[in-house]
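Fold and geometry: a report
For reference, the chains in residue letters:
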Amino acid sequence: MGNRWSRSGSSLSLLPERQSSGRRGEDRDSDNDSLDGLGRREDIAQFPYVEFTGRDSITCATCQGTGRIPSDQVNELVALIPYSDQRLQPQRTKLYVVLSVVLCLLASSLVAFFLFPRSVVVVDAGIRSVTVSFDHSNMKVLMNMTSTLNFSNPNFFSVLVQSVNCQVLYMKTVIGTQQLDSATTILPLSESQVNYTVSVEIGSSAPYVYAFCTMPSIKVHNIVVFMQTAVKTSYMVRTSQNSLEAYRYIDCGSNTTYHQKTQKHWHLSSSRSAATSFSTPLL
């Protein structure tokens, strides 16, 4: 009985030693495996690219088996991207397209609004003054008529008044002309006035006018003249021409100065009487 217990005891005493020795062996194996893994990785990293050719293998047409792309072919090669790649599915594409279209429309509308040429408004303000003189030896009536034109520029850029051409007729006979070149420049969204003087001479074509204008028994020596005015303006790449026609009453017996308000009203009355009939003794 004592021997059995001793054997069992010896066997029991030997088990922990075997287990500890097994564990030490496993630890050594794991350490060797880890060292071998690191060594293998380093070896693989240092191992150059080799094209393994065989019966069923094909040499890479891009790098020709070298593992590197030639520098002269960098701009010629095309990379294949999978269809599911996020770069092929950009987000908010519709939003960007709509914003771009709206901004383009807004910019074009603003450019068209500010640069679209508008017609320059020209208004004949009437005669400001008339200076009368007589040539008694030749029986002529000499007058200097100063008229005013009002310009209104509705554009967002300057307008140049290139020329003002005026012609005065009496009984369908030209009695005076005047032409102004480069009269003025009208600033954007502003108004301006241009004054011009026409020299008129009435004599050989109508000798009775001299007798009428110098008759002392008549206090007001009114005659009717027809004025044709052509105004040429230019802005940007556009050139326009305005034509104005009006009948004017003038006093050929003395010097006369007209006020703007009075002249505007007088011009309306003269237009009406000229359109109907000349009931008053005027020439």
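Computed from a predicted structure; not experimentally measured.

In terms of helices and strands, the protein carries four helices and eight strands. Mapped from its N terminus to its C terminus, the protein presents α and β elements in the order α-α-β-β-β-β-β-α-β-β-β-α. Looking at the protein as a whole, 25% of its 283 residues are labelled buried. Relative to all contacts within the protein whose residues are 6 or more apart in sequence, the contacts with residues 24 or more apart total 66%. Of the roughly 20300 Å² of accessible surface on the protein, a fraction of 56% belongs to carbon and sulfur atoms.

Moving on: unusual backbone geometry. Of note in the backbone geometry, M139 takes a positive phi value of approximately 55° without being a glycine. Assignment of secondary structure puts M139 in the loop between β1 (121-135) and β2 (140-153). Despite not being glycine, M171 has its phi angle at roughly 55°, a positive value. Among the secondary structure elements, M171 is positioned in the loop between β3 (159-170) and β4 (173-186).

Before going further, it helps to examine the packing of aromatic side chains. Any two aromatic rings considered together are summarised by their centre-to-centre distance and by the angle between their planes. Applying the stated rule across the entire model yields six aromatic pairs. Between the aromatic rings of F114 and F156, the centroid separation amounts to 4.9 Å while the plane-to-plane angle is 75°, which identifies the pairing as edge-to-face. Note that F114 is positioned in helix α2 (residues 93-115) and F156 in the loop between β2 and β3, a separation of 42 residues in sequence. For F114, a relative accessible area of 36% puts it in the partly exposed group. A residue is classified by how much of its surface remains accessible, and F156, at 32% relative accessible area, is partly exposed. Ring centres of F134 and Y210 lie 6.2 Å apart, and the angle between their planes is 75°; this geometry places the pair in the edge-to-face category. With F134 in strand β1 and Y210 in helix α3 (residues 207-213), this residue pair connects regions lying 76 residues apart in the sequence. Residue F134 is classed as partly exposed on the basis of its relative accessible area, which comes to 26%. What makes Y210 buried here is its relative accessible area of 11%. Ring pairs connect the aromatic residues F113, F114 and F156, which therefore count as one cluster. Above the face of the F113 ring, R118 is positioned so that its terminal group lies 5.3 Å from the ring centre.

Attention now goes to the sheet that holds β3. Taken together, four strands build an open sheet; the order of strands is β4-β3-β6-β7 and the sheet is antiparallel. This sheet does not close on itself; its edge strands, each paired only once, are β4 and β7 (238-251). The sheet shows a mean angle of 15° between the axes of neighbouring strands, direction not considered. For β3 and strand β6 (residues 222-235), the ladder comprises nine bridges, and the chain directions are antiparallel. Note that in β6 the partner of V161 across the bridge is T233.

Counting across every chain of the model gives two salt bridges. Across the salt bridge formed by R248 and D124, the nearest N and O atoms sit 2.7 Å from each other. Here the residue R248 occupies a position in strand β7, and D124 occupies one in strand β1, the gap between them amounting to 124 residues. Residue E201 is joined to K140 by a salt bridge in which the shortest nitrogen-to-oxygen separation is 2.9 Å. With a gap of 61 residues between them, E201 in strand β5 (residues 190-202) and K140 in strand β2 connect regions that are remote in the sequence. The exposure class assigned to E201 is partly exposed, which follows from its relative accessible area of 39%. Among the residues examined, K140 registers a relative accessible area of 22% and is labelled partly exposed.

Another aspect to go through is the side chain of T146. Within the fold, T146 resides in strand β2. On the basis of relative accessible area, T146 is assigned to the buried category, the value being 17%. A distance of 3.1 Å separates polar atoms of two side chains, one belonging to T146 and the other to T197. In this structure T146 touches I127, R128, S129, Y196 and T197, once residues within four positions along its chain are discounted.

Sheet strands pair by backbone hydrogen bonding; their relative direction is either parallel or antiparallel. If you trace the four strands from one edge of the open sheet to the other, you get β5-β2-β1-β8, paired in antiparallel fashion. Each edge of the sheet is formed by a strand with only one pairing partner; in this case those strands are β5 and β8 (256-257).

Scoring rules and cut-offs
- Residues numbered from 1 in each chain as written.
- Predicted model: local features only at pLDDT ≥ 70, side-chain atom pairs only at ≥ 80, totals over all residues.
- Heavy atoms only, no water.
- Helix = DSSP H or I, 4+ residues; strand = E, 2+ residues; numbered from the N terminus.
- Buried < 20%, exposed > 50% of the residue type's maximum accessible area, 1.4 Å probe, protein only.
- Contact = heavy atoms within 4.5 Å.
- Areas by Shrake-Rupley, 256 points an atom, 1.4 Å probe, with all protein chains shown as cover.
- Phe/Tyr/Trp six-rings, centres within 6.5 Å; stacked < 30°, edge-to-face > 60°.
- Lys NZ or Arg CZ within 6 Å of the ring centre and 35° of its normal.
- Pairing = 2+ DSSP bridges.
- Axes fitted to C-alpha atoms, helices over the stretch in contact; angles between N-to-C directions.
- Salt bridge = Lys/Arg side-chain N within 4 Å of Asp/Glu carboxyl O.
- Polar contact = N/O pair within 3.5 Å; in protein donor to acceptor, adjacent residues only side chain to side chain.

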